[in-house]
Amino acid sequence: MPVADNLLKIKKELPSHVTLVAVSKTRTVEEIKEAVDAGHVDFGENKVQEMLQKHEQLPQTIRWHMIGHLQTNKVKQVVSFVHLIHSVDSLKLLKEINKEAAKISRKVNCLLQVHIAKEETKFGLDYNEVEEILRQEDSFKNIVLCGLMGMATNTTDEQIIRNEFRSLKKLFNKIRGGRKNSEFSILSMGMSGDYQLAIEEGSNMIRVGTAIFGDRDYSSNV
Ligand SMILES: *Cc1c(COP(=O)(O)O)cnc(C)c1O
């Protein structure tokens, strides 16, 4: 049972304050079941359609994390059950989540995705956009702002990765320090290749796919 073995091995090594989100994108329901049977509850997907299908086929006890770019026109499909949206990358998206959540009287947990990598391609807010959202926060009655998410540059240069994580942690501390409530408590950073560094730099939620399920095969999806 490689999936269960990998999962338990990683979990055993994690500090207790760190939550592991098993990134199950492209994986089959059977593979996910193996992780569920091993006691795992937090799973991350990056595509709405895929998450919906798996949500229908798998136990309702699973906590689904949306970690990929979310289009505003797809928000209403996930808003009723999603546990945490990591990838809020625009004010417009946050407004839409708030609107759809209000319709069903739900409060949706969200993280602001901050752009920390050197790459142009990675989605995320810059610091000014984060500030703008925080200024408007009181108008989002159906959102719970739980923290920040970031992805480091895909590089073998540890120092670059460390610096990016460190800057996000600094922003996280700054925002958290200015608040009375403790809801703002999640710092989602770190993937298979860099989660150890991320934890050293203050992450308390990691998103790990390959190290649990093995290499992804996209060929059948094309
Ligand atoms: C795919 C993905 C991950 C997991 O990546 P691995 O390298 O397989 O661990 C983490 N975060 C996001 C946003 C992803 O899209």
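This structure is a prediction, so every number in the text was calculated from the model and none was measured.

What counts and how
Residues numbered from 1 in each chain as written. Predicted model: local features only at pLDDT ≥ 70, side-chain atom pairs only at ≥ 80, totals over all residues. Heavy atoms only, no water. 1 Å grid on protein atoms, 1.4 Å probe; cavity = no way out; pocket = protein on both sides within 12 Å on 5 of 7 lines; lining within 4 Å. Points joined across faces, edges and corners; volume = space filled by probe spheres on them. Nonpolar A, V, L, I, M, F, W, Y, C, P; charged D, E, K, R; others polar. Near = heavy atom within 4 Å. Polar contact = N/O pair within 3.5 Å; in protein donor to acceptor, adjacent residues only side chain to side chain. Areas by Shrake-Rupley, 256 points an atom, 1.4 Å probe, with all protein chains shown as cover. Buried < 20%, exposed > 50% of the residue type's maximum accessible area, 1.4 Å probe, protein only. Helix = DSSP H or I, 4+ residues; strand = E, 2+ residues; numbered from the N terminus. Contact = heavy atoms within 4.5 Å. Lys, Arg positive; Asp, Glu negative; His and termini not counted. Salt bridge = Lys/Arg side-chain N within 4 Å of Asp/Glu carboxyl O. Core = buried A, V, L, I, M, F, W, Y, C linked by side-chain atoms within 4.5 Å.

Draft legend 1. Structural context of the layout of surface pockets. One number sums up the size of the second largest pocket: a volume of about 170 Å³. Lining the second largest pocket are Lys-107, Glu-137, Asp-138, Phe-140, Lys-141, Ile-143, Val-144, Leu-145, Arg-179, Asn-181 and Glu-183. Across the lining of the second largest pocket, the residue classes tally to four nonpolar, one polar and six charged.

Draft legend 2. Main features of the site of the ligand. Surrounding the ligand, one finds Val-23, Lys-25, Ile-67, Met-151, Met-191, Ser-192, Arg-207, Val-208, Gly-209, Thr-210 and Arg-216. Arg-207 places a polar side-chain atom, nitrogen or oxygen, 2.9 Å from a nitrogen atom of the ligand. Backbone polar atom of Gly-209 to an oxygen atom of the ligand: 2.8 Å apart, as the coordinates give it. Coverage of the ligand by the protein chains reaches 90% of its 390 Å² of free accessible surface. Of the residues contributing to the shell around the ligand, the split by class is five nonpolar, three polar and three charged.

Draft legend 3. Helix α3 (residues 48–57), seen in detail. Those residues of α3 lying buried are Val-48, Glu-50, Met-51, Leu-52, Lys-54 and His-55. Buried-residue contacts for α3 involve α2 (29–37), β2 (42–45), β3 (63–66) and α4 (75–78).

Draft legend 4. Looking closely at the side chain of Glu-34. As for its placement among the helices and strands, Glu-34 is situated in helix α2. Of the side chains bearing the opposite charge, Arg-27 lies closest to the buried Glu-34, which forms no salt bridge; the N-O distance is 11 Å. Looking at Glu-34, its side chain comes within polar contact range of the main-chain nitrogen of Val-3, at 3.3 Å.

Draft legend 5. Seen up close, unusual backbone geometry. The residue Thr-26 is not glycine, and still its phi comes out positive at about 70°. With respect to the helices and strands, Thr-26 occurs in the loop between β1 (19–23) and α2. A positive phi angle is found at Ser-105, which is not glycine, with a value near 50°. For Ser-105, the position within the fold is in the loop between α5 (91–103) and β5 (108–114).

Draft legend 6. Highlighting the nonpolar core. Judged by nonpolar contacts, the single largest core of 61 residues is most densely connected at Phe-43, Ile-85, Ile-97, Cys-110, Leu-148 and Ile-212. The greatest single-element share of this core, amounting to six residues, is contributed by helix α7 (residues 158–177). Setting aside chain neighbours within four positions, we find Ile-212 in contact with Pro-2, Val-3, Asn-6, Leu-7, Ile-10, Leu-20 and Ala-22. The next biggest cluster of nonpolar side chains, apart from the first, holds eight residues, and it includes Val-21, Val-144, Met-149 and Met-205.

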